[in-house]
Amino acid sequence: MSNLRTTPLLELKNISKSFGRVHSLRGINMDVRPGEVLGLLGDNGAGKSTLIKVFAGVHQPTGGQILWNGEQTILDTPRAAMAKGISVVYQDLGIIPLLSIYRNFFLGREEDVSVKLPGFMYLKKREMRETARKALSQLGIHITDVDLTVARLSGGERQSIAIARAVHFQSKLLILDEPTAALSLKETAKVLSYVREAKRQGVGVVLITHNIAHAYEVCDRFTVLYHGRVAETTERENVTEQELANLINTGTRASQKLAV
Ligand SMILES: Nc1ncnc2c1ncn2[C@@H]1O[C@H](COP(=O)(O)OP(=O)(O)O)[C@@H](O)[C@H]1O
Ligand SMILES: [Mg+2]
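First, a word on scope: everything that follows refers to the structure included in this document.

Each value, and the rule that gives it
Residues numbered from 1 in each chain as written. Chains lettered and ligands numbered in written order. Predicted model: local features only at pLDDT ≥ 70, side-chain atom pairs only at ≥ 80, totals over all residues. Heavy atoms only, no water. Pairing = 2+ DSSP bridges. Helix = DSSP H or I, 4+ residues; strand = E, 2+ residues; numbered from the N terminus. Axes fitted to C-alpha atoms, helices over the stretch in contact; angles between N-to-C directions. Contact = heavy atoms within 4.5 Å. Core = buried A, V, L, I, M, F, W, Y, C linked by side-chain atoms within 4.5 Å. Buried < 20%, exposed > 50% of the residue type's maximum accessible area, 1.4 Å probe, protein only. Near = heavy atom within 4 Å. Polar contact = N/O pair within 3.5 Å; in protein donor to acceptor, adjacent residues only side chain to side chain. Areas by Shrake-Rupley, 256 points an atom, 1.4 Å probe, with all protein chains shown as cover. Salt bridge = Lys/Arg side-chain N within 4 Å of Asp/Glu carboxyl O. Patch = residues over 30% accessible without salt bridge, like charges linked within 9 Å, V, L, I, M, F, W, Y side chains within 5 Å.

The subject of this paragraph is the sheet that holds strand β5 (residues 71-73). Read from one edge to the other, the open sheet built from 4 strands follows the order β2-β1-β4-β5, with strand pairing classed as antiparallel. On the outer flanks of this sheet lie β2 (22-32) and β5, each paired with one strand and no other. Neighbour-to-neighbour, the strand axes of this sheet turn through a mean angle of 30°, independent of strand direction. In the sheet, strand β1 (residues 10-19) pairs with strand β4 (residues 63-68) via 5 bridges, with the strands oriented antiparallel. Residue pairing for β4: Glu11 is matched across the bridge by Leu67. Relative to the sheet, helix α1 (residues 48-55) contacts β1, β2 and β4, its axis offset from that of β2 by approximately 60°.

Okay, here's the thing in structure tokens:
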């Protein structure tokens, strides 16, 4: 169950985004609450990626308002979004295969785990290894050798490192773009369990997926986009998988689009 009474972490009011004459988002209203998994569904071209780029500070909306913890805010750069605790895990993004697991874990945050001497920077590697190992195991990922390069890991393990990293560094809102797209069944189950664990730790999660069954398994609510608009936002209890499929395909719960 999502917590209906808490202030949403993120709230969008009437958000629109146009690229010239292409109106990708038209008056989007939605919210994400702490400790819930919100499934963001929609067919190709529905506007999902454009919308998460608005959350991530990549795109500036053409109109509308963004509220963070109930206060109006401007996410004008990815850095501004990150500073608020918004993390986006794009497919295969933010992981360098030829670096070790623990180096990937601290990627971009090396200054926080280093000692600076004149003309020299020394990484506290023992501490980095230990922290990475602990953070992974807190999410249920048991990798003893964090010196392994990420290239040696499976797709699901890579995804798990990105999720563990976001949780460890206090992300409040975690956005996962198609995390199970290239995974086996077994790996998918694991990644979905990491999503549940992030939720249990109070993180708000936005899960984008084409796979309705995966979404249905793990999401508390759904927001379905259809041609740049919200077709419907609903709690899982109040919708079936078939109705979700219909919403994605036709914008309504009915299976056939009505002739106009
Ligand atoms: N940078 C851009 N310039 C022009 N049109 C874009 C741009 N990004 C997305 N669009 C258009 O916006 C619409 C929504 O795309 P997108 O957000 O990628 O959908 P989804 O992720 O749901 O498949 C599409 O019509 C797409 O062509
Ligand atoms: Mg997309």
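On we go from here.
Strand order across the open sheet formed by 6 strands is β6-β9-β10-β3-β11-β12, with mixed pairing between neighbours. Of all strands in the sheet, those bounded by a partner on one side alone are β6 (86-89) and β12 (229-235). Strand-to-strand twist in this sheet, taken as the mean axis angle between neighbours without regard to direction, amounts to 15°. Sheet topology note: the strand β9 (residues 173-177)/strand β10 (residues 204-208) ladder contains 5 bridges and is parallel. Looking at the pairing, Leu176 lines up with Leu207 of β10.

Right, let's talk about the nonpolar core for a bit. Ranked by internal contacts, the top residues of the largest apolar core, which has 48 residues, are Ile101, Ile163, Leu174, Leu176 and Leu244. Take this core: its biggest share by element is 6 residues, from helix α5 (residues 155-168). Those residues in contact with Leu174 that lie beyond four places of it in its chain are Ser87, Val89, Ile163, Ala166, Ala198, Val203, Gly204, Val205 and Val206. Grouped together as the second largest cluster of nonpolar side chains are 25 residues, Leu10, Ile52, Val54 and Leu173 included.

Around ligand 1, the structure places Phe19, Val22, Ser24, Asp43, Asn44, Gly45, Ala46, Gly47, Lys48, Ser49 and Thr50. The contact in question runs from an oxygen atom of ligand 1 to an N or O atom on the backbone of Ala46, over 3.3 Å. The separation between an oxygen atom of ligand 1 and a polar main-chain atom of Gly47 is 3.0 Å. Protein coverage of the free-state accessible area of ligand 1, which is 560 Å², stands at 58%.

In this section: the pairing of β2. Where β1 meets β2, 7 bridges bridge the pair, whose relative direction is antiparallel. Bridge pairing links Leu10 to Val32 in β2. What sits between the antiparallel neighbours β1 and β2 is a turn of 2 residues, in which Gly20 has the positive phi angle 60°.

This next bit is on the pattern of salt bridges. Evaluation of the coordinates by the stated rule reveals 11 salt bridges. Glu217 is paired through a salt bridge with Arg196; the nearest N and O atoms lie 3.5 Å apart. Of this pair, Glu217 sits in helix α7 (residues 212-218) while Arg196 is found in helix α6 (residues 185-200), placing the two residues 21 residues apart along the sequence. We classify Arg196 as partly exposed; its relative accessible area is 35%. Taking the shortest distance from any N to any O, the salt bridge between Glu232 and Arg253 comes out at 2.5 Å. Of this pair, Glu232 sits in strand β12 while Arg253 sits in the segment after α8 (241-250), and the two are 21 residues apart along the sequence. Within this structure, Asp31, Arg33, Glu36 and Arg221 form a network of salt bridges that share partners.

The grouping of Val115, Leu117, Phe120 and Tyr122 at the surface amounts to a nonpolar patch, some 390 Å² of accessible area in total. If you list the elements that add at least two residues to the nonpolar patch, you get β7 (114-117) and β8 (120-123). With respect to the helices and strands, the residue Leu117 is situated in strand β7.

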